[in-house]
Amino acid sequence: MTRREDGRDEIAGLLLAAGGGRRLGGRPKALLVYRGRPLVEYAVGVLRAAGCGRVHVVLGAAAGDVRKRADLSGCALVDNPDWEKGMGSSLRAGLGSLAGTDARAALVSLVDQPGIGPEAAARVLAAYEDETSLVSAAYGGVRGHPVLFGSAHWAGIAASATGDRGARAYLKEHEDAIRLVECGDVARPYDIDTEDDLGHLK
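Residues numbered from 1 in each chain as written. Predicted model: local features only at pLDDT ≥ 70, side-chain atom pairs only at ≥ 80, totals over all residues. Heavy atoms only, no water.

Novice: Could you give an account of the sheet that holds strand β5 (residues 76-79), naming the residues involved and the relevant values?
Specialist: Reading across from one edge, β5-β4-β1-β6-β8-β7-β9 is the order of the seven strands in this open sheet, with mixed pairing throughout. With one partner strand each, in any of the chains shown, β5 and β9 (179-182) form the two edges of the open sheet. Averaged over all adjacent pairs, the angle separating strand axes in this sheet is 25°, with direction ignored. Sheet analysis places strand β1 (residues 11-17) next to strand β6 (residues 105-110), joined by six bridges and oriented parallel. The residue bridging Leu14 from the neighbouring strand is Val108, located in β6. Helix α3 (residues 87-98) rests against β1, β4 (55-59), β5, β6 and β8 (142-150) of the sheet, and its axis sits at about 150° to β1. Contacts from helix α4 (residues 118-126) reach β1, β6, β7 (134-139), β8 and β9 within the one sheet, and its direction differs from that of β8 by about 50°. (Pairing = 2+ DSSP bridges. Helix = DSSP H or I, 4+ residues; strand = E, 2+ residues; numbered from the N terminus. Axes fitted to C-alpha atoms, helices over the stretch in contact; angles between N-to-C directions. Contact = heavy atoms within 4.5 Å.)

The structure is reproduced here in structure tokens:
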């Protein structure tokens, strides 16, 4: 990972890209096309542009096709065989893959939110202080993605991440410790979940 110019410890990007697109007719979200390339490729670029030197990508649905069709060179690819159990399993797999690195925090983003670009991700990353940091982007004061988890929280998050709730339960329990960073002026936090949402990709 690239050491940050201000000398603070390293922050890894963690992209959750395992979803099968059930409400999109079974089209894996990672392979939806955005700006001429697979969505997963675009999302990795956002994390890199924000300042993450190391990027881990959690794959699940059609992982083999994603490897073949998307340029994920330089990324650590993490297979989640339990991806159908929901985002919680991908978050656990991703945090587990970072445990043996020198990362002191993870900047977590979702592959199906292309309206959140490098500006928002960089703002959240810049709010990192140390391994106890909990930072979240906010939109009109409402917590959203990306989120930054200092490594001191990884075990607790992994223990509570179930189903599609991800880190929601852990964050609710530690709400007073979360630093919100307003990003509504530079990003739009829509999800690509249904056929109607595909209009956002044009």
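Novice: So, the layout of surface pockets: which residues are in play, and what are the values?
Specialist: Using a probe with the size of a water molecule, rolled over the atoms, empty space left in the structure can be pinpointed. For the largest pocket, the calculated volume is near 1,000 Å³. Looking at the largest pocket, it is lined by 36 residues, and the ones nearest its centre are Lys29, Met87, Asp112, Asp164 and Asp193. Going through the elements one at a time, β1, α3, β6, β8 and α6 (168-173) are the ones with two or more residues in the lining of the largest pocket. A total of six residues in the lining of the largest pocket trace back to one element, the largest contributor, which is β8. Across the lining of the largest pocket, the residue classes break down as 16 nonpolar, nine polar and 11 charged. (1 Å grid on protein atoms, 1.4 Å probe; cavity = no way out; pocket = protein on both sides within 12 Å on 5 of 7 lines; lining within 4 Å. Points joined across faces, edges and corners; volume = space filled by probe spheres on them. Nonpolar A, V, L, I, M, F, W, Y, C, P; charged D, E, K, R; others polar.)

So yeah, pure geometry; function would need other evidence.
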